[in-house]
Amino acid sequence: MSGTGSGRGDTPSASGTGSGRGDTPSASGTGRAAPPVAVDREFLALERELAVFLRRARAQSGEMAREVHPELEPAAYGLFVRLDDAGPQRATELAGYFGVGKATMSRQLRALEDLGLVARDPDPADGRASLVRLTEEGRNRFRRVRDARRERYVRKLADWDRAEVAELARLLNHFNVRAEG
């Protein structure tokens, strides 16, 4: 960003000696707190666009999950994506990956098991644990829906250059990797 200042859309205090973040010290002895720190316009724009993106993604995941099976909740679609990409995993690994509790993951997996879309097999590395995997029925249903979803992305982004699509994927991956840590 060019121009003067910090590039953060904030202004110095009236005396010109402030921190450059739009904050002013509290009045001596008044107990008033300083105003909140100004926020970068770029991060506000990012927050706004991510909120719209996530709302739409949740709605689409719900639609996709129901296309796999009418009784599925939206979170199930993400489980299918992960199991198809990464292969069999422990329930605790899945819970950690998605940032949910073990009880939540157990409930979601139990619903998928009841529908015959996932199964548990003994973990060869630890006989006390089990690995969750997609059943053939689960994989077939998921891949049919996933392929239809990808076709929708291709149509929606038909006027984008392939390099732009690749850059968006790269940046989202970078964001997701950072979010994990």
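Bear in mind that the values here come from a model prediction, so they are computed numbers and not experimental data.

About the cut-offs
- Residues numbered from 1 in each chain as written.
- Predicted model: local features only at pLDDT ≥ 70, side-chain atom pairs only at ≥ 80, totals over all residues.
- Heavy atoms only, no water.
- Axes fitted to C-alpha atoms, helices over the stretch in contact; angles between N-to-C directions.
- Helix = DSSP H or I, 4+ residues; strand = E, 2+ residues; numbered from the N terminus.
- Parallel < 35°, antiparallel > 145°, perpendicular 65-115°, else oblique.
- Left-handed = near helix turned anticlockwise from the far one by under 90°.
- Contact = heavy atoms within 4.5 Å.
- Patch = residues over 30% accessible without salt bridge, like charges linked within 9 Å, V, L, I, M, F, W, Y side chains within 5 Å.
- Areas by Shrake-Rupley, 256 points an atom, 1.4 Å probe, with all protein chains shown as cover.
- Salt bridge = Lys/Arg side-chain N within 4 Å of Asp/Glu carboxyl O.
- Expected span 1.5 Å × (residues − 1).
- Buried < 20%, exposed > 50% of the residue type's maximum accessible area, 1.4 Å probe, protein only.
- Phe/Tyr/Trp six-rings, centres within 6.5 Å; stacked < 30°, edge-to-face > 60°.
- Lys NZ or Arg CZ within 6 Å of the ring centre and 35° of its normal.

Enquirer: Can you help me understand the packing of helix α1 (residues 41–68) against helix α5 (residues 136–156) in this one?
Expert: Axis angle and axis distance: for two packed helices, these are the angle between their axes and the distance between the axes, and together they describe the pair. Where α1 meets α5, the closest approach of the two axes is 9 Å, and the angle between their N-to-C directions is 140°. If you check the angle between α1 and α5, you find them oblique. Crossing angle aside, the handedness with which α1 passes α5 is right-handed. Contacts between α1 and α5 involve Ala 57, Gln 60, Ser 61, Met 64, Glu 67 and Val 68 from the first element and Arg 141, Phe 142, Arg 144, Val 145, Arg 149, Arg 152, Tyr 153 and Lys 156 from the second.

Enquirer: Mind showing me how you'd approach a nonpolar patch on the surface here?
Expert: A cluster of nonpolar side chains, namely Phe 53, Leu 54, Trp 160, Leu 168 and Leu 172, defines an oily patch on the protein surface of about 430 Å² accessible area. Of all elements in the fold, only α1 and α6 (162–180) reach the threshold of two or more residues within the nonpolar patch. Tracing the sequence through the fold places Leu 172 in helix α6.

Enquirer: Looking at this structure, I do not really get α1. What am I missing?
Expert: Note that an α-helix has 3.6 residues per turn; residues three or four places apart therefore point the same way. Here α1 contains 28 residues, and its C-alpha end-to-end distance of 40 Å stays within 8% of the 40 Å for a straight helix at 1.5 Å per residue. Within α1 the residues assigned to the buried category are Ser 61, Gly 62, Met 64, Ala 65 and Val 68. Where α1 is buried, its residues meet α2 (75–86) and α5.

Enquirer: I'm lost on the packing of aromatic side chains in this one. Help?
Expert: Two descriptors summarise a pair of aromatic rings, namely the distance from one centre to the other and the angle between the planes of the rings. Scanning the model with the defined rule gives 3 aromatic pairs in all. With a centroid separation of 5.5 Å and an interplanar angle of 55°, the aromatic rings of Tyr 77 and Phe 142 are classed as tilted. Placement of Tyr 77 in helix α2 and of Phe 142 in helix α5 is noted, with a sequence separation of 65 residues between them. We note that Tyr 77, like Phe 142, is buried. Pairing Phe 80 with Phe 142 gives two aromatic rings, centres 5.9 Å apart and planes at 15°, and the pair type is stacked. Of this pair, Phe 80 sits in helix α2 while Phe 142 sits in helix α5, and the two are 62 residues apart along the sequence. Take Phe 80 and Phe 142: they sit in the same class, and that class is buried. Ring pairs connect the aromatic residues Tyr 77, Phe 80 and Phe 142, which therefore count as one cluster. Over the aromatic face of Tyr 97 sits the side chain of Arg 82, whose NZ or CZ is 3.8 Å from the ring centroid.

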